[in-house]
Amino acid sequence: MTTAAAADQPVLQVRDLSVVFPARRGHPAVKAVDRVSFDIAPGQTLGLVGESGSGKTTTGRAILQLQSASAGSVKLLGQELTTMPRAALRRMRRHMQFVLQNPYSSLHPRMTVARILTEPLQVHQSVAAAQMPDRIAQLMELVGLEPDMVQRYPHEFSGGQRQRIVIARALAVHPDFVVCDEPVSALDVRTQAQIVDLLGTLQDKLGLSYLFIAHDLALVRQVAHRVAVMYGGQLVELGDAAQVYDTPAHPYTRSLLDAVPIPDPARQRAKLAAAPPEPEFDQYRNPSGPCVFGEDHGHTGSSTWHVVCPGHSVSCRFWPPGVPC
Amino acid sequence: MATSDKPLLQVQRLSAQFTRDGVVSQVVKGISFDIAAGEAVGFVGESGCGKSVTARAMMRLAPEGSSVELGGEVRFDGQDLLQLREADMCNIRGQRIAMVFQDPMTSLNPVLSVGAQIDDIVSRHTGMSRAQARRRTVELLGLVGIRDAARRADDFPHQFSGGMRQRVLIAIAVSCQPELLIADEPTTALDVTVQAQILRLLLRLRQELGMALMLITHDFGVIAGMVERVYVMLDGQIVESGAVDDIFARPQHDYTRALLDAVPRLESAGRTRS
């Protein structure tokens, strides 16, 4: 991968991150994440897309050290997380937060919003007790909720409002980096648009970096500066959003984009009527002989990652034979 | 059989009122619509708008632990389904009107092979012998695009992927050659590539079997290529209806417009600054 201009250090630097779930009861070991590398620059969003089971969520969890990595490096603000002692890691958590898919299960049903928002502030001792109510009111306003709602319980809020509370909780400790794992997929389309807007506004205001994990490619296009496409635990393509969406290089990316329904009857009918290309990518994980770019990696041991143009790279793995590059 | 001048399904002032723990809620508020034989019609709306309840009310399937009061008329091929005896309704359900739901995981029995579940349904509805039913099962699995169907029939639901399970459920639904297939968010739980395959399958089956389709979804992208007409639902009522091309090109109701505007589009970039 090319390194960005040396000027600004990435907030997050992931190198060859791997997660292996060990063999169990006759099932072989599973490489859920396989040598994944990427950077996220300050104030930017990396969209991570792929099908269910491709390893997106495990990647997010391994970055946050909620899942131990089998190999590789995760550096947040220049500090290595994978080898960090527990106490130091605990302090480091202030800088990295997450927003998960289901706002119904990620809020404690018997805690008021005030308590939900107070907890992280107490854990990280970031606000004096006297200032707590002010900070909580400020957080509520930040995510577009009325500050006088803080004495209510989660069930008194709609799905979209709950996700706002989850976001407020994540932002309470002034993080630099937030993993958003399918943050809007449980919401209705109009609510989705509002939450996506909110995440964008907060990014601009607070300079946050996001890893935005989602299966909805159209949605990711709206939010991401850069996009990584994942398949079978590996990244197969990485580039600026416009590069990946407008000139997809990997056949898997192309098939993924091709499958997205278009909200336009004439075009969508034509799309469904066209013969569906359904190549099987999984069997081409480690092909022998020269790859589609003419390099025999088994022989040379060189990286299977190829630069398409500056900032846009593609893997030659999972590439069905006969598909041109 | 319905003739072309009379709709296959004619719903008039359908209402559904639930009572749960003493609280009464009117979920479907007197809606009217029709579906012609062989026609594909979409129902779009957000969660809670009553689109799924409408389908269930038509089929007289009430959610557990609630008491439902239905009103209005559901004329199917001339008879009012709401007035039928339960035994007669059983002959309609599955046989003449079939349903496919969102979640292919919970709709199959996990401890029976897929083939056994289809055999059972086929022999119940047709009176076929076991051997005949199995032949029909294999044929159905082939019809929905499951390769090596004879061998796969002995596999259990957990041995199928989500998309394959949805194919199995579609096979079950079309096993009796229904005149109407109700598909309630049939692709919502599936990956986008699998979704495209299932949508193509539904289109092909509609053509081959000549059945009408009632497609319920929140996704305008899904509805766009699948149906001829659309009903937009909000708060238990139909707020707009029309030909699919008109609804997309010239939405009349503010709500329809708001829904369409909120759909993220693949070709429009959001944050291009670097």
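Residues numbered from 1 in each chain as written. Chains lettered and ligands numbered in written order. Predicted model: local features only at pLDDT ≥ 70, side-chain atom pairs only at ≥ 80, totals over all residues.

(A) Summary view of the overall build of chain B. Within chain B, the regular secondary structure consists of 10 helices and 10 strands. In summary, chain B has a C-alpha radius of gyration of 19 Å against a globular reference of 19 Å for 274 residues, a match within 12%. Each principal axis of the C-alpha distribution contributes one length, and for chain B these read about 60 × 55 × 45 Å. Partitioning the intrachain contacts of chain B with sequence separation of at least 6 by distance along the chain shows that 65% fall at a separation of at least 24. (Helix = DSSP H or I, 4+ residues; strand = E, 2+ residues; numbered from the N terminus. Rg over C-alpha atoms; globule rule 2.2 N^0.38 Å. Contact = placed C-beta atoms within 7 Å.)

(B) Here's a closer look at the sheet that holds strand β3 (residues 40-44) of chain B. All names here are of chain B. An order of β6-β7-β8-β3-β9-β10 is seen for the six strands of this open sheet, with the pairing classed as mixed. In this open sheet, the two strands that pair with only one neighbour each are β6 (97-100) and β10 (237-243). Between one strand axis and the next, the sheet turns through 15° on average, direction left out of account. Pairing analysis gives five bridges linking β3 to strand β8 (residues 212-217), with the strands arranged parallel. Residue pairing across strands places A40 opposite L213, the latter belonging to β8. (Pairing = 2+ DSSP bridges. Axes fitted to C-alpha atoms, helices over the stretch in contact; angles between N-to-C directions.)

(C) Region of the structure containing the interface of chain A and chain B. If you look at the interface, chain A gives 38 residues, while chain B gives 34 residues. Counting residues per element, the ones that place at least two in the side of chain A that touches chain B are α6 (189-206), α7 (217-223), α8 (241-246), α9 (251-258) and α10 (265-273) of chain A. Sort the elements by how many residues they give to the side of chain A that touches chain B and α7 of chain A lands first, with six residues. Taken together, the residues of the side of chain A that touches chain B break down into 20 nonpolar, nine polar and nine charged. (Nonpolar A, V, L, I, M, F, W, Y, C, P; charged D, E, K, R; others polar.)

(D) The pairing of strand β2 (residues 23-35) of chain B, seen in detail. Residues and elements named next belong to chain B. Both strand β1 (residues 9-20) and β2 contribute to a ladder of 10 bridges, which runs antiparallel. Each bridged residue has a counterpart across the sheet, and for R20 the counterpart in β2 is V23. The hairpin formed by β1 and β2 contains two residues between the paired strands, and D21 there has a positive phi angle of roughly 50°.

(E) Quick peek at the nonpolar core. The biggest cluster of nonpolar side chains holds 163 residues, and the ones touching the most others in it are F212 and V229 of chain A together with L180 and L181 of chain B. At eight residues, the largest contribution of residues to this core is made by helix α6 (residues 162-174) of chain B. The contacts of L180 of chain B, once residues within four sequence positions are left out, are L8, L9, I35, I97, M211, A212 and M214 of chain B. (Core = buried A, V, L, I, M, F, W, Y, C linked by C-beta atoms within 7 Å. Buried ≥ 20, exposed ≤ 12 C-beta atoms within 10 Å, placed from the backbone.)

(F) Local environment of the sheet that holds strand β1 (residues 12-21) of chain A. All names here are of chain A. Pairing in this open sheet of four strands is antiparallel, and the strands run β2-β1-β4-β5 from one edge to the other. Edge positions in the sheet fall to β2 (30-40) and β5 (79-80), since each has one partner strand and no second. Across five bridges, β1 lies against strand β4 (residues 71-76) in antiparallel orientation. Bridged to R15 within β4 is S73.

(G) Structural context of the packing of helix α3 (residues 113-123) of chain A against helix α4 (residues 132-142) of chain A. Residues and elements named next belong to chain A. As a packed pair, α3 and α4 sit with axes 10 Å apart at the nearest point and diverge in direction by 110°. Relative to α4, the element α3 is oriented roughly perpendicular. As α3 packs across α4, the resulting crossing turns out to be right-handed. Of the residues in α4, those in contact with A114, L117, T118 and L121 of α3 are M132, R135, I136 and L139. When the residues that make up the contact of α3 with α4 are grouped by side-chain class, the tally is six nonpolar, one polar and one charged. (Parallel < 35°, antiparallel > 145°, perpendicular 65-115°, else oblique. Left-handed = near helix turned anticlockwise from the far one by under 90°.)

(H) Representation of the environment of R190 of chain A in the model. Along the chain, R190 of chain A falls in helix α6. Spatially, the C-alpha atom of R190 of chain A lies 25 Å from that of K56 of chain A, the residues being 134 residues apart in sequence. In contact with R190 of chain A, not counting residues within four places along its chain, are A258, L259 and A262 of chain B.

(I) Summary view of the confidence of the model for chain A. In this model, chain A carries an average pLDDT of 92, and 97% of its residues clear a pLDDT of 70 or more. Low confidence marks residues 1-7 of chain A, where pLDDT is under 50. Its contacts with residues over four positions away, or in another chain, come to eight contacts. (pLDDT = per-residue confidence, 0-100.)

(J) Structural detail: unusual backbone geometry. Residues and elements named next belong to chain B. The phi angle at D148 is positive, at roughly 60°, despite the residue not being glycine. Structurally, D148 can be placed in the loop between α4 (130-143) and α5 (149-152). Exposure remark for D148: the 11 C-beta atoms within 10 Å place this residue in the exposed category.

(K) Focus on the pairing of strand β6 (residues 96-99) of chain A. All names here are of chain A. Along β6, one buried face is formed by M96 and F98 and the opposite face, lined by Q97 and V99, is buried too. Pairing of β6 with strand β7 (residues 177-181), which is carried by four bridges, proceeds in the parallel orientation. By the bridge assignment for β7, M96 is matched with F177.

(L) Representation of the confidence of the model for chain B. Residues at a pLDDT of 70 or more form 95% of chain B, whose mean pLDDT is 90. Confidence estimates for the predicted assembly give a pTM of 0.88 and an ipTM of 0.87.

(M) Inspection of the environment of D204 of chain A at higher detail. With respect to the helices and strands, the residue D204 of chain A is situated in helix α6. For D204 of chain A and Q44 of chain A, which are 160 residues apart along the polypeptide, the C-alpha to C-alpha distance reads 9.1 Å.

(N) How the structure looks around α10 of chain A. The complete set of buried residues in α10 of chain A reads P265, Q268 and K271 of chain A. Looking straight down α10 of chain A, one finds its buried side chains confined to an arc of 130°; they lie on one side. Of the exposed residues in α10 of chain A, the ones pointing more than 90 degrees away from its buried face are A270 and A273 of chain A. Of the surrounding secondary structure, the elements contacted by the buried residues of α10 of chain A are α8 (220-224) and α9 (244-249) of chain B. (Arc of directions from axis to C-beta.)

(O) Summary view of the packing of helix α3 (residues 114-126) of chain B against α4 of chain B. Residue and element names in this part refer to chain B. With their axes 8 Å apart at the nearest point, α3 and α4 run at an angle of 115° to one another. Classified by the angle between their axes, α3 and α4 sit roughly perpendicular to one another. In this structure, α3 crosses over α4, and the sense of that crossing is right-handed. Two secondary-structure elements touch here, α3 through G115, I118, D119, V122 and S123 and α4 through R130, A133, R134, R136, T137 and L140. A breakdown of the residues in the contact of α3 with α4 according to their chemical character gives four nonpolar, three polar and four charged.

(P) Region of interest: α9 of chain A. Within α9 of chain A the residues assigned to the buried category are P251, Y252, T253, S255 and L256 of chain A. Considering only its buried residues, α9 of chain A is in contact with α7, β9 (226-231), β10 (234-240) and α8 of chain A together with α7 (192-209) of chain B.

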